[in-house]
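Residue strings, one per chain:
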Amino acid sequence: MAERIEQRLEDRVPELEQLERVGLFTRKEIKAVLKRASALEYKIQRRALRKEDFINYIQYEINLLELIKKRRARVGYSFKKDEIEGSILYRVHSLFKRAIGKWKEDVQLWLSHVAFCKQWNAKHELSKVFSSMLAIHPNKPALWIMAAKWEMETRLSSESARHLFLRALRFHPECPKLYQEYFRMELMNAEKQRKEKKEFERAKMDLGEFNYSEEILSGEMARIIYRDAAQKIKGVEFHLAVLSIAKLFDFTQDLQKEILESLQTKFADDPLTWDYMARRELELGSLQSTEHTTKQMKVSEMTQREERCSAVFEEAVRAVSTEDMWKYYITFCLERCNRKTNSEGLKQKRLERTLSVFNKAHESSLLPEALYKQWLQLLLESNLFEKAVEVAEAATKRFSLSVETWEMRLQVLIQLKSDDVTQCFEEAIKHVKSKGTLPLWTLWVEWSEGTKSKEDTEALYQRSLCAITHAESVTMKEKYLDWTYRNGGYKKVRRVFNSLCENRPFSLDFFRKMIQIEKEQESCKMLHLREYYERALREFGSTDSDLWLDYIKEELSHPQGKPENCGSIHWRAMKMLQGDLVEAFVSKYTLLQTGHL
């Protein structure tokens, strides 16, 4: 092993001598490079190889390349690149090959090699990397797409890209993304060849020696791909994806028409088809902007286009009366409503249309639960308060078991300072099961804190603790403790704390809150702090090392503390803490003893 390492280090000498000779590195820096390289070489020659050692070695070499690049730019020296960088690049490729040979399944390692090749323009090497990678990972479509794109965009080889896509489709005959990118590649190739041909014709050059296929120029190759894919891939999303790609090219009108007809024939009942057809009206017949086009004309034209969209959506909800269809219609209306415009008339029309569509969907009992919140928000912003209350009530009738819907209705009533808030809370608690009602109780007590008497609020806190599940009571206990201290003072919070401690479960924050309250008192008693820490440790002593350390700190720093207790606390902590927590505790305890914590 030592001989192999010596040989590798000797192989470095010519490039390092060149670096020193041309003044890019000093003698001291050359020695440092050799020393570091020696350490890295030893690590990758061990019997038990580690991936991290190879990655570190590769990263070191890349950093060295970057440093040389910066030094060259600074001194303006650009010669001897083959002898210096060429040697390092060869070594990095060799390191990647060794690492990949050992850990073939690590896709990230392959991609790192690909990125390195691209960064240093190693086209020949990258071609081999892609070939090897796809042989090992033929089951990953994204890698095939990456390789084909590189062939097309960097090597300008549509033939190689096409070959890769065809091979990929043998492995993944039903992969929509592969077909989409293959479709895009053929259209890009057609566009490139059309531009070339046009330039040659403009220069009046003889096209005889150039073989321009009419099948490629017209986009026929892309049409064949689409037809083949359409037989294998189900679902409207694929058709819409290829249609959006086709629209990027100005010579695909016939192809777009074919895809659109297929879309309308095969997926006439799919809400996505209707959504596309409706939104298409925004693009059709747009006004050509000229110096004579007034703002009023633009507003008028936009109004007409939106009305055409709305007409298609209206037809859609009659033809496909589903929640999804209404959702697409409402989403469109909200998008238009949120668009900025200086025209008050257009703004008002958009708002009226949106509110009307919300209402129709609701009356059809097809408005999704999640959209009621947006409807209410819009009503409140438009100062339609009575309608908001009515809609919120209707929502809770339809989704009577939903905590979110009741919470939404209650927030509306609270915002409007309604007299029916308490009644609505009672109604909500009656309808919704105890599990998951914490948001309702939290909202209720927070509202009560600002509007009701202390007695009413305390009674509500106590009632909530009986009503919610044990797991949810943890949060409510923290809130109750905090509220009691703010409104009843120290003595009251002590009584409430002792009362709450009778029923598990607790959170660590519950005890830490009480410890903090005690420490805020002028006559902070160590006796009470010990009580709180001991209670907390009974619950969390096996899982929280910081709690033991804080207890020890308290004994050391409090005027009434007993430093002699620290040994006993330490011994108990070592017995109770689990797994790695013991090591963490010992480490922090050592720092505490030396005064570094």
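Everything below is about the structure printed above this text.
Report follows, based on the coordinates. Starting from 1, residues in each chain are numbered consecutively following that chain's sequence as written. Predicted model: local features are reported for residues with pLDDT of at least 70 only, side-chain atom pairs are reported and counted for 80 or more only, and whole-chain, interface and lining totals are derived from all residues. To get the side-chain values, take all heavy atoms of the structure and skip hydrogens and water.

### Side note on the side chain of Thr-273
Moving on, step 1. The numbering of helices and of strands both runs from the N terminus, where a helix is a DSSP run of H or I of at least 4 residues and a strand a run of E of at least 2. Relative to the helices and strands, Thr-273 resides in helix α14 (residues 271-283).
Moving on, step 2. Given a relative accessible area of 4%, Thr-273 falls into the buried group. Type-normalised accessible area, obtained with a 1.4 Å probe on protein chains alone, sets the label of each residue: buried when under 20%, exposed when over 50%, and partly exposed for intermediate values.

### Examining helix α27 (residues 545-557)
Moving on, step 1. Taking 1.5 Å of rise per residue, the 13 residues of α27 would be expected to cover 18 Å, and the 19 Å separating its terminal C-alpha atoms lies within 8% of that figure.
Moving on, step 2. What α27 keeps buried is the set Ser-545, Leu-547, Trp-548, Leu-549, Tyr-551, Ile-552, Glu-554 and Glu-555.
Moving on, step 3. Looking at the packing, one finds that the buried side of α27 touches α25 (508-519), α26 (526-540), α28 (566-576) and α29 (580-593).
Moving on, step 4. In protein, a polar contact means a hydrogen-donor-capable atom and an acceptor-capable atom, both N or O and within 3.5 Å, with residues adjacent in sequence counting only if both atoms are side-chain atoms; elsewhere, any N or O pair within 3.5 Å suffices. One side-chain oxygen of the residue at the start of α27 lies 3.1 Å from the amide nitrogen of Asp-546, identifying that residue as Asp-544. Expected span of a helix: the number of residues minus one, times 1.5 Å. We call two residues in contact when some of their heavy atoms are within 4.5 Å.

### Observations regarding the pattern of salt bridges
For side chains bearing opposite charge, pairing can occur when the charged atoms are close.
Moving on, step 1. We count a salt bridge whenever a side-chain nitrogen from Lys or Arg sits within 4 Å of a carboxyl oxygen from Asp or Glu. Tallied over the entire structure, the rule returns 53 salt bridges.
Moving on, step 2. Between Lys-128 and Glu-125 there is a salt bridge, with its nearest N and O atoms 3.9 Å apart. Of this pair, Lys-128 and Glu-125 both sit in helix α6 (residues 123-136), three residues apart, which is roughly one turn of that helix.
Moving on, step 3. On the basis of relative accessible area, Lys-128 is assigned to the partly exposed category, the value being 40%.
Moving on, step 4. The salt bridge involving Asp-546 is made with Lys-588; its shortest N-O contact spans 2.9 Å. Taken as a pair, Asp-546 in helix α27 and Lys-588 in helix α29 lie far apart in primary sequence, 42 residues in all.
Moving on, step 5. Assessed through its relative accessible area of 29%, Lys-588 is described here as partly exposed.
Moving on, step 6. Here the residues in one salt-bridge network are Arg-12, Glu-15, Glu-61 and Arg-91, joined through shared partners.

### Here we look at the packing of aromatic side chains
Moving on, step 1. In this scheme Phe, Tyr and Trp rings, the latter by its six-membered ring, pair at centre separations within 6.5 Å, and the angle between planes marks the pair as stacked below 30 degrees, edge-to-face above 60, and tilted otherwise. Scanning the model with the defined rule gives 28 aromatic pairs in all.
Moving on, step 2. Geometrically, the ring pair formed by Phe-96 and Phe-116 is tilted, given 6.0 Å between the ring centres and 45° between the ring planes. In this pair, Phe-96 sits in helix α4 (residues 85-102) while Phe-116 sits in helix α5 (residues 107-119), placing the two residues 20 residues apart along the sequence. Residues Phe-96 and Phe-116 agree in their burial class; the two are buried.
Moving on, step 3. Ring centres 6.0 Å apart and planes at 40° place the aromatic pair Tyr-372 and Trp-375 in the tilted group. Linking Tyr-372 with Trp-375, this pair stays in helix α18 (residues 369-381), spanning three residues, or about one helical turn.
Moving on, step 4. Ring pairs connect the aromatic residues Phe-497, Phe-506, Phe-510, Phe-511, Tyr-532 and Phe-540, which therefore count as one cluster.
Moving on, step 5. A positively charged side chain is recorded as over a ring if its NZ (Lys) or CZ (Arg) lies within 6 Å of the ring centre. The angle to the ring normal must also be within 35 degrees. The side chain of Arg-71 reaches across the aromatic face of Phe-25, ending 5.0 Å from its centre.

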